[in-house]
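Survey of secondary and tertiary structure
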Amino acid sequence: MNVQQTITPELRAWIVAQAQAGCQPADVLNAMRASGWDEQVAMTALEDTLEAHLGRPAVEALQQGISPGAVAAQLAQPQRLPEPALEAGATTLQLPDREVQVLMQMALPRVVVLGGFLSHEECDALVALANPRLSRSETVVNATGGSEVNSARTSDGMFFGRGEHALCARIEQRIADLLRWPVINGEGLQVLRYRPGAQYLPHHDYFDPAQPGAPTILSRGGQRLGTLLMYLNTPERGGATTFPDVGLEVAPIKGNAVFFSYSRPSPTTRTLHGGAPVLAGEKWVATKWLREGEFH
Ligand SMILES: O=C(O)CCC(=O)C(=O)O
Ligand SMILES: [Fe+2]
């Protein structure tokens, strides 16, 4: 792979011209690959150029596999995603019951890191409620819609029912306020414990619609559109949440949270992520997944 390939002004102009002529991004990409461009470099060039010249909606159009020429139609009916109401330059976000810090955000993948989303007391109380109910984590088997123990995921975990405890209900309402997404569209809170050596290999949280099990999974509230991970303790060492596509590592700090969203079930959202191995101590995390529709 030639990683030295550079994106010249001429190439940018050509990409913009193709997009404005209504060419499908996939065709532009194929043309670039046919003339010797590395796929990843071509993809990045395409996205960066479209974003710079035509704005973010063009990149979203690319992710949706539609031509930038159809952006206007898409803007008329934007797909809603869970998303915090961040004002430009704001370092805090006032929620009805709590002020949280805005520590970091990025556009692609859409990631927001929040400080102090949960109080230490809430973290401890959630761990205490979850602890007696832990068992070896299973993952959804896309092929069947069932679940199974998986060596890619060596944590122990449990699910609360939605609103199962007053504490769950309070946290769920805070998440709904943060992301402007109905409580009923959320799955129940999942709590995971990682012991030293335990990890969760990189994966996507959306469901692959091409798998035979997809209709079963999707019948319970549609696709997942976003994930909020809440750190319930600070491990002594290790246990970061990693986003390998962009080289991002989020440190697991008690009470903090990382949110990411994916506008379609595609790796072009760059939301591949994992839990790095815990090197010392334990890691406790709570996960909330947001669905398109009511989860039942
Ligand atoms: O533990 C982590 O940092 C990641 C957990 C995760 O990806 C998940 O629960 O889907
Ligand atoms: Fe995940």
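Criteria and cut-off values
Residues numbered from 1 in each chain as written. Chains lettered and ligands numbered in written order. Predicted model: local features only at pLDDT ≥ 70, side-chain atom pairs only at ≥ 80, totals over all residues. UniProt positions renumbered as here; feature names shortened; annotations may be inferred. Helix = DSSP H or I, 4+ residues; strand = E, 2+ residues; numbered from the N terminus. Expected span 1.5 Å × (residues − 1). Buried ≥ 20, exposed ≤ 12 C-beta atoms within 10 Å, placed from the backbone. Arc of directions from axis to C-beta. Contact = placed C-beta atoms within 7 Å. Pairing = 2+ DSSP bridges. Axes fitted to C-alpha atoms, helices over the stretch in contact; angles between N-to-C directions. Near = placed C-beta within 6 Å. Nonpolar A, V, L, I, M, F, W, Y, C, P; charged D, E, K, R; others polar. Core = buried A, V, L, I, M, F, W, Y, C linked by C-beta atoms within 7 Å.

By the naming in an unreviewed UniProt entry, the chain is 2OG-Fe(II) oxygenase, taken from Ideonella azotifigens. UniProt, in its Cofactor (unreviewed entry) section for the chain, records the words "L-ascorbate".

A look at helix α7 (residues 166-179)
An ideal rise of 1.5 Å per residue puts 20 Å on 14 residues; α7 measures up with 20 Å between its terminal C-alpha atoms. Turning to α7, its buried residues number three or more, namely Ile171, Glu172, Arg174, Ile175, Leu178 and Leu179. Projection of α7 onto a plane perpendicular to its axis shows the buried side chains occupying an angular sector of 160°, all on one side. The inward-facing, buried residues of α7 contact β1 (92-95), β2 (98-106), α6 (120-130), β10 (224-231), β14 (257-261) and β17 (283-291).

Regarding the environment of serine 219
By the element assignment, serine 219 lies in the loop between α8 (214-218) and β10. The class of serine 219 is exposed, set by 10 C-beta atoms lying within 10 Å.

Considerations on the sheet that holds strand β3 (residues 110-115)
If you trace the nine strands from one edge of the open sheet to the other, you get β1-β2-β3-β14-β10-β17-β8-β7-β4, paired in antiparallel fashion. Unpaired on one side and paired on the other, β1 and β4 (135-136) mark the two borders of the sheet. Lying on the sheet, α7 is in contact with β1, β2, β10, β14 and β17; it crosses β1 at an angle near 125°.

Focus on the environment of leucine 118
By the element assignment, leucine 118 lies in the loop between β3 and α6. Residue leucine 118 is classed as buried on the basis of its C-beta count, with 25 C-beta atoms lying within 10 Å. Separated by 53 residues in the primary sequence, leucine 118 and isoleucine 171 place their C-alpha atoms 8.0 Å from one another.

Overview of the site of ligand 1
Within the structure, ligand 1 sits among Leu192, Tyr200, Asp205, Leu229, Thr241, His273, Gly275, Val285 and Thr287. Among the elements of the structure, β15 (273-275) and β17 are those that each provide at least two residues to the shell around ligand 1. A breakdown of the residues in the shell around ligand 1 according to their chemical character gives four nonpolar, four polar and one charged.

Thoughts on the nonpolar core
Ranked by internal contacts, the top residues of the largest apolar core, which has 41 residues, are Met230, Leu232, Ala257, Val258, Phe259 and Val285. Elements that contribute at least two residues to this core include exactly β3, α6, α7, β8 (190-194), β10, β14 and β17. Ignoring anything within four residues of it in the chain, the contact list for valine 258 reads Val111, Val113, Leu229, Thr241 and Val250. The next biggest cluster of nonpolar side chains, apart from the first, holds six residues, and it includes Ile15, Val28, Ala42 and Leu46.

Digging into unusual backbone geometry
The peptide bond linking leucine 108 to proline 109 adopts the cis configuration, its omega dihedral lying at 0°. By the element assignment, proline 109 lies in the loop between β2 and β3. One non-glycine residue, arginine 270, adopts positive backbone phi at about 55°. As for its position among the elements, arginine 270 is in the loop between β14 and β15. Look at arginine 270 and you get buried, because 22 C-beta atoms sit within 10 Å.

Quick word on helix α2 (residues 25-34)
Of all the residues in α2, the buried ones are Pro25, Val28 and Met32. Buried residues of α2 fall within an arc of 60° about the axis and therefore sit on the same side. Of the exposed residues in α2, those oriented more than 90 degrees away from the buried face are Asp27 and Ala34. Downstream of α2 by a residue or two, glycine 36 has a phi angle that is positive, lying close to 100°.

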